[in-house]
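Chains, contacts and geometry: an overview
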Amino acid sequence: MTVYGNFPGSRPRRLRTTPAMRRMVAETRLDPANLILPAFVREGITAPVAISAMPGVQQHTLDTLRKAAVDAVSAGVSGIMLFGVPTDEKKDARGTAGTDPDGILQVGLRAVREEVGDDLVVMSDLCLDEYTDHGHCGVLTADGRVDNDATLERYAEMAQVQADAGAHVVGPSGMMDGQVGVIRDALDQTGHEDVSILAYTVKYSSAFYGPFREAVGSSLNGDRKTYQQDPANARESLRELALDLHEGADMVMVKPAGPYLDILAKVADSVDVPVAAYQISGEYAMIEAAAEKGWIDRDAAIMESLTGIRRAGAQMILTYWATEVAERLRRS
């Protein structure tokens, strides 16, 4: 080959020559502290129940939930986000099990705090959908619409009982207008000024939630398109962001993560508060299913997907692989 002058003048491949070199110049790093483990605690079971659409994930008993929290601490995971799964007979139109101090989520919160104290940031999903017999995230009007303002009253009650049960952070996920402000007021007025709000600021109406419906035993018929965001829209995410910050959100979230990395990047570039992203059940299930078929390298795909979310701007990632990945990172 004839070489002309300095051609090629730049050789980026020099910085890719060895694993040590690639590790040294990596622009994006994953750390166990970036990870939050979502976990489901189910009422009325004596052994954990596998979730068929999410291999490796289960509905916990209180005892296995405690162990999962301890394992997360040992791996260096920063937080755990709890979802309650009540028995069907406790579901009703107003989701009263969600505000019962002895409801399954509140019992789970107390159990985890008793087990790990402040060694793990204990977070609670603040939404009615797990507890309503219609499966929607709020109270319904007589003609079946979700009543935004009546739902806010229920969220204020939920915030108080979850904080009383030991939540360090509440995560309002219902996408009601004004939810962050109402919850902040409720927490402050009941002596819970130190409880943080992780706002589900950007939450799209997504087809990727499917396996989650099994995980929480959802009773939903229909969809949530009148309150969750349209996947076609981007600008309204920044409007939601401005509203949540004005109302007092301490942290903000984008959900789902993988299909909305462009939105995540916009949010991360726009704020000076911590940004989270939720790698949801469908994202998890697709990788596990393809790996089971032998079509992809499971471990490599997991790490690539999480690195992409981190690269897009998430400081915190909710992922069902949190403990597994944290252990792997600590070994590497």
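For the structure, check the block above.
To start, this report covers the structure provided alongside it. The structure displayed is predicted, hence computed values, not measured ones. Every residue gets a number counted from 1 within its own chain, in the order that chain's sequence is written. Restriction of local features to residues with pLDDT of at least 70 applies here, the model being predicted, together with a cutoff of 80 or more for giving and counting side-chain atom pairs; totals for whole chains, interfaces and linings are based on all residues. The side-chain numbers reported here are obtained from all heavy atoms of the structure, hydrogens and water having been left aside.

To continue, consider helix 3 (residues 104–116). To qualify as a helix, a DSSP run of H or I must reach at least 4 residues; to qualify as a strand, a run of E must reach at least 2; elements of each kind are numbered from the N terminus. Expected span of a helix: the number of residues minus one, times 1.5 Å. The end-to-end C-alpha separation of helix 3 is 18 Å, in line with the 18 Å expected for 13 residues at 1.5 Å each. Partly exposed describes any residue whose relative accessible area lies between the buried limit of under 20% and the exposed limit of over 50%, with all areas from a 1.4 Å probe on protein chains only and scaled to the type maximum. Here helix 3 has its buried residues at Ile104, Leu105, Gln106, Gly108, Leu109, Ala111, Val112 and Val116. Structurally, helix 3 contributes buried residues whose contacts are with strand 1 (35–42), helix 2 (62–75), strand 4 (79–85), strand 5 (121–126) and helix 4 (148–164). Any two residues whose heavy atoms approach within 4.5 Å are treated as being in contact.

The subject of this paragraph is the environment of Thr201. Along the chain, Thr201 turns up in strand 7 (residues 196–203). As for Thr201 and Asn148, which are separated by 53 residues in sequence, their C-alpha atoms are 16 Å apart. Sequence-distant contacts of Thr201, that is, excluding residues within four places in its chain, are made with Met175, Gln229, Ser237, Glu240, Leu241, Asp244, Val252 and Met253. In the analysis that follows, any N or O atom pair within 3.5 Å is treated as a polar contact, provided that within protein one partner can donate a hydrogen and the other can accept it, and provided that, for residues neighboring in sequence, both atoms belong to side chains. Of the polar contacts made by the side chain of Thr201, one reaches the side chain of Asp244; its length is 2.7 Å.

Once that is clear, we can look at a nonpolar patch on the surface. The grouping of Leu15, Met24 and Val25 at the surface amounts to a nonpolar patch, some 280 Å² of accessible area in total. Residue placement: Val25 occurs in helix 1 (residues 19–25). Judged by relative accessible area, Val25 falls into the partly exposed class, the value being 34%. Grouping into patches uses exposed residues only, defined as over 30% relative accessible area, and leaves out salt-bridged ones; the cut-off is 9 Å for like charges and 5 Å for nonpolar side chains (Val, Leu, Ile, Met, Phe, Trp, Tyr). In these tables, accessible area is a Shrake-Rupley quantity obtained with a 1.4 Å probe, and a residue counts as shielded only by the protein chains included in the view. Put simply, a salt bridge is a Lys or Arg side-chain nitrogen that is within 4 Å of an Asp or Glu carboxyl oxygen.

Contact geometry for helix 10 (residues 298–311) and helix 11 (residues 322–331): axes closest at 12 Å, N-to-C directions at 95 degrees. The angle between helix 10 and helix 11 places the two elements in the roughly perpendicular class. Of the residues in helix 11, those in contact with Arg298, Asp299, Ile302, Met303 and Leu306 of helix 10 are Glu324, Val325, Arg328 and Leu329. Of the residues contributing to the contact of helix 10 with helix 11, the split by class is 5 nonpolar, no polar and 4 charged. Where helices are involved, their axes are fitted lines through C-alpha atoms of the stretch in contact, as for all axes, and angles between N-to-C directions lie from 0 to 180°. Orientation is classified from the angle alone, with under 35 degrees giving roughly parallel, over 145 giving roughly antiparallel, 65 to 115 giving roughly perpendicular, and any other angle giving oblique. The nonpolar class holds Ala, Val, Leu, Ile, Met, Phe, Trp, Tyr, Cys and Pro. Asp, Glu, Lys and Arg form the charged class, and all remaining residues, Gly among them, are polar.

Let's shift gears to the packing of helix 7 (residues 235–247) against helix 8 (residues 261–270). When two helices pack together, you describe them by how their axes are tilted relative to each other and by the distance separating the axes. Where helix 7 meets helix 8, the closest approach of the two axes is 10 Å, and the angle between their N-to-C directions is 40 degrees. Crossing handedness for the pair helix 7 and helix 8: right-handed. For the pair formed by helix 7 and helix 8, the contact residues are Ser237, Leu238 and Leu241 on the first element and Ile263, Lys266, Val267 and Ser270 on the second. Its residues placed into classes, the contact of helix 7 with helix 8 shows 4 nonpolar, 2 polar and 1 charged. Left-handed is the label given to a crossing in which the near helix is rotated counterclockwise from the far helix by less than a right angle, and right-handed is the label when the rotation is clockwise.

As used here, the term nonpolar core means buried Ala, Val, Leu, Ile, Met, Phe, Trp, Tyr and Cys residues forming a set that is joined through side-chain atoms within 4.5 Å. Residues Phe40, Ile80, Tyr155 and Tyr278 are the most contacted members of the largest nonpolar core, which totals 97 residues. A total of 6 residues in this core trace back to one element, the largest contributor, which is strand 1.

Another aspect to go through is the pairing of strand 1. Burial analysis of strand 1 places 7 of its 8 residues in the buried class, the great majority of the element. When DSSP finds at least two bridges between two strands, those strands are taken to pair. The pairing of strand 1 with strand 10 (residues 316–318) spans 2 bridges and is parallel. Following the sheet pairing, Leu35 is matched in strand 10 by Ile317. Pairing of strand 1 with strand 4, which is carried by 7 bridges, proceeds in the parallel orientation. For Val41, the partnering residue across the bridge sits in strand 4 and is Gly84. The pairing of strand 1 with strand 3 (residues 58–60) spans 2 bridges and is classified as parallel. The residue of strand 3 that forms the bridge with Phe40 is Gln59.

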